[in-house]
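Each chain, written out:
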Amino acid sequence: MSRALGVCYYPEHWPEEDWEGDARRMVETGLRWVRIGEFAWSKIEPNPDSFAWDWLDRAIDVLGTAGLDVILGTPTATPPRWMLDRHPDMLAHDANGRPRRFGSRRHYCFSHVGYRGECQRIARLLGKRYGQNPFVKAWQIDNEYGCHDTTISYSPAARDAFRAWCRDRYGSVDALNKAWGNVFWSMDYRDFDDIDLPNLTVTEPNPAHAMAFRRFTSDQVIAFNQVQVRELRAQTDRPLLHNYMGRVTDFDHYDVGTDLDIATWDSYPIGFLMDRLGASPDHRKTFMRQGDPDFQAFHHDLYRSVGRGRWWIIEQQPGPVNWAAWNPAPLAGMARLWAWEAFAHGAEAVCYFRWRQAPFGQEQHHSGLLRADGAPAPALGEAEQVAQEIAAASDAAAGPADVALVFDYPSQWAWETQPQGRDFDYFELIFSFYRGLRRLGLNVDIVSGDAPMSGRKLVIAPGMATMGQDFLGALGAFEGQALLGPRTNARTAEMSLPVPLPPNLPGLDARVARLESLPPFASEPVAAGGSIERWFETLEGTADVPFTTEAGQPVALRAGGVTYLAGWPDDTLLDRILQDACSLAGITPDPVPAPLRQRKSATHRYLFNYSAASVSWRGTKVPAAGVLREKL
Ligand code: GAL
């Protein structure tokens, strides 16, 4: 398994005389990859159609000559100020219809045809100039699609593109009216040009309209990315990648991933814990210097699938970041632990963000491997240690996991569109199942709804809003156990309620006769332990009933290998359900003590201690913030 470390570097931020020394120190630290260029448009093209390539030529040369492999970014996340003079209407609009402004980054609308053309132009020029450069070994397209809430745009460009998308999808406006159920509240259209975007409506828009807009929005990201993919592929055979984020679900990452060679993601464990997880104060306190112990692993397992096996971390938090509500420093050891955890989940590379802390701009308080004065920051030594360790360690990658957990982006959009209960969040639902599987010490593959099921012992797909014929066919033929529900196959692709009533699963006589969402102060106790919270469905049918409430109401129905779950389980109930599913599937759980997390490769067991105290397990001590790697 090839494993390497790298770093993100901004030569344009530093005097040229520093580049050589920086490159030498990177190599001495044991780094192989250096990512550059992704925000440098105003330095490459200071005035429209007038270019300054020399500095970039030299930067690539200095870095490459020092022995580093360069990842060159296309700078399309940061259009220069002059771009707005050329395309004054290229800005994305927020839900209130206000254009966003110049002065930070990602100030573009994915649907703007003129801006897409500019991206095509700069990608072509970069590809021509560096596509065959021996030091440029990979390309990153744009930077973090969706960052700063920039996927969804309500601009005139998006509206025009949405109308065209609807024309294409529905063919006639009558078909659209029918598909969306526009007879409800007299919402019928007479022409595609009557259709607006689903913002600023008096009360909630038609969910079919909102869902179509979410599908369209995702398609725009895919199409935007493809423009640059095409240009670069024509000039280079080096791998193309994009850097995704944690818990960003506004576009279908599997679809973008199909056009690229490697999925990479930007892992900021402490920032995410503070800002993105909805964690309780207690949870934040326990893990404030480590990050949530499952959040990184979840994304490693997700992006491994998005990259069809090939994935990296291209930005790894090295110390405190600047952008979360609070920005604590990691425990000594975490910059090493996070990197090792990624490698254990199959990462080919981990690159720290960034080399030297910047003394200007928005991220002055964001640490790097070096301080702003060039002295080593604490993570530098940890990176050096990891570099030595990975050079010495060899083990075989894990094969496909017995358990596949489906994460389906359209389901996130569907349940954001009509949650029916404030806290019905699809990501949280899937993440809670993931945590439950980790409590059992299992390797998990997170997969799309199109992934083949054969070879798995257990497939889990709660909350998957719509199951296409392919999925249902695969389920019918699947020989393992399937755990589905709540809210699985509950809507048609056009966001209406199917009749016959859901879930309509092969071989399972079950119907959701009624559903209710539960407020946080209510729950439904389940016989023999645990309870249902947030969501509960009344099931009818003749299938077996493996779990009931204390009052005797079915909590699940089962026939053959298919189990349908009627509600959102708390952790106690979830543990019972997962243990039951594992035992039916012939999977033996291998739990480790709670502060530890486990991942197995084909040849090794890795234990990660996400706590601030050492943990002894089976006679071995795993130090605080430490990693234990042992042969299986
Ligand atoms: C990422 C981004 C980087 C940098 C970093 C700071 O979201 O890609 O450019 O801003 O966050 O943590």
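Preceding block: the structure.
The structure reproduced in this document is the subject of the present report. (Residues numbered from 1 in each chain as written. Predicted model: local features only at pLDDT ≥ 70, side-chain atom pairs only at ≥ 80, totals over all residues. Heavy atoms only, no water.)

1. Here's the deal with the site of the ligand
This is how the line gets drawn: Whether a residue is near a molecule or strand depends on its heavy atoms: it is near if one of them lies within 4 Å of it. Two N or O atoms form a polar contact when they lie within 3.5 Å of each other; inside protein one atom must be a possible hydrogen donor and the other a possible acceptor, and for residues adjacent in sequence the pair counts only when both atoms belong to side chains. Just so you know the grouping, Ala, Val, Leu, Ile, Met, Phe, Trp, Tyr, Cys and Pro go in nonpolar, Asp, Glu, Lys and Arg go in charged, and all remaining residues, Gly too, go in polar.
Near the ligand the following residues occur: F39, R105, N143, E144, N243, D266, Y268, E315, W323, F353, E363 and H366. In the environment of the ligand, an oxygen atom lies 2.8 Å from a nitrogen or oxygen atom belonging to the side chain of E315. Each residue belonging to the shell around the ligand can be placed in one class, and the counts come to four nonpolar, three polar and five charged.

2. What to know about the pairing of strand β17 (residues 562–565)
As a reminder of what qualifies: Three exposure classes are used, based on accessible area relative to the maximum for each residue type with a 1.4 Å probe and protein chains only: buried under 20%, partly exposed in between, and exposed over 50%. Numbered from the N terminus, helices here are DSSP runs of H or I no shorter than four residues, and strands are runs of E no shorter than two. Only strands that DSSP links by at least two bridges are regarded as paired with each other.
A two-sided burial pattern is seen for β17, the buried positions comprising V562 and Y564 on one face and T563 and L565 on the other. Relative to β17, strand β12 (residues 481–484) runs parallel, the two being bridged by three bridges. Each bridged residue has a counterpart across the sheet, and for L483 the counterpart in β17 is T563. Bridge analysis of strand β16 (residues 556–559) against β17 gives four bridges, and the strand direction is antiparallel.

3. Overview of helix α18 (residues 571–585)
Along an α-helix, residues three or four apart share an orientation, since each turn contains 3.6 residues. Operational definition: Under the convention used throughout, the expected extent of a helix is 1.5 Å for every residue step, that is, one less than its residue count. Starting at the helix axis, one direction is taken to each C-beta atom, and the arc is that of these directions.
Look at α18: 20 Å from first C-alpha to last across 15 residues, which is about the 21 Å you get at 1.5 Å a residue. If you check which residues of α18 are buried, you get L573, L574, I577, L578, A581, C582 and A585. Projected down its long axis, α18 carries its buried residues within an arc of 165°, all on one side. Once α18 ends, the next one or two residues include G586, with phi positive near 75°.

4. Concerning the nonpolar core
Going by this rule: The criterion is simple. A nonpolar core is a set of buried Ala, Val, Leu, Ile, Met, Phe, Trp, Tyr and Cys residues joined through side-chain atoms within 4.5 Å. The contact criterion used is simple: two residues touch if any of their non-hydrogen atoms lie within 4.5 Å.
Ranked by size, the top nonpolar core spans 173 residues in total, and within it L5 and F407 carry the most contacts. The biggest single contributor to this core is helix α13 (residues 334–344), with nine residues. What L5 contacts, discounting residues up to four positions off in sequence, is G30, L31, R32, W33, F343, V350, Y352, A383, V386, A387 and I390. Residues C109, F162, V173 and F213 belong to the second largest nonpolar core, which totals 20 residues.

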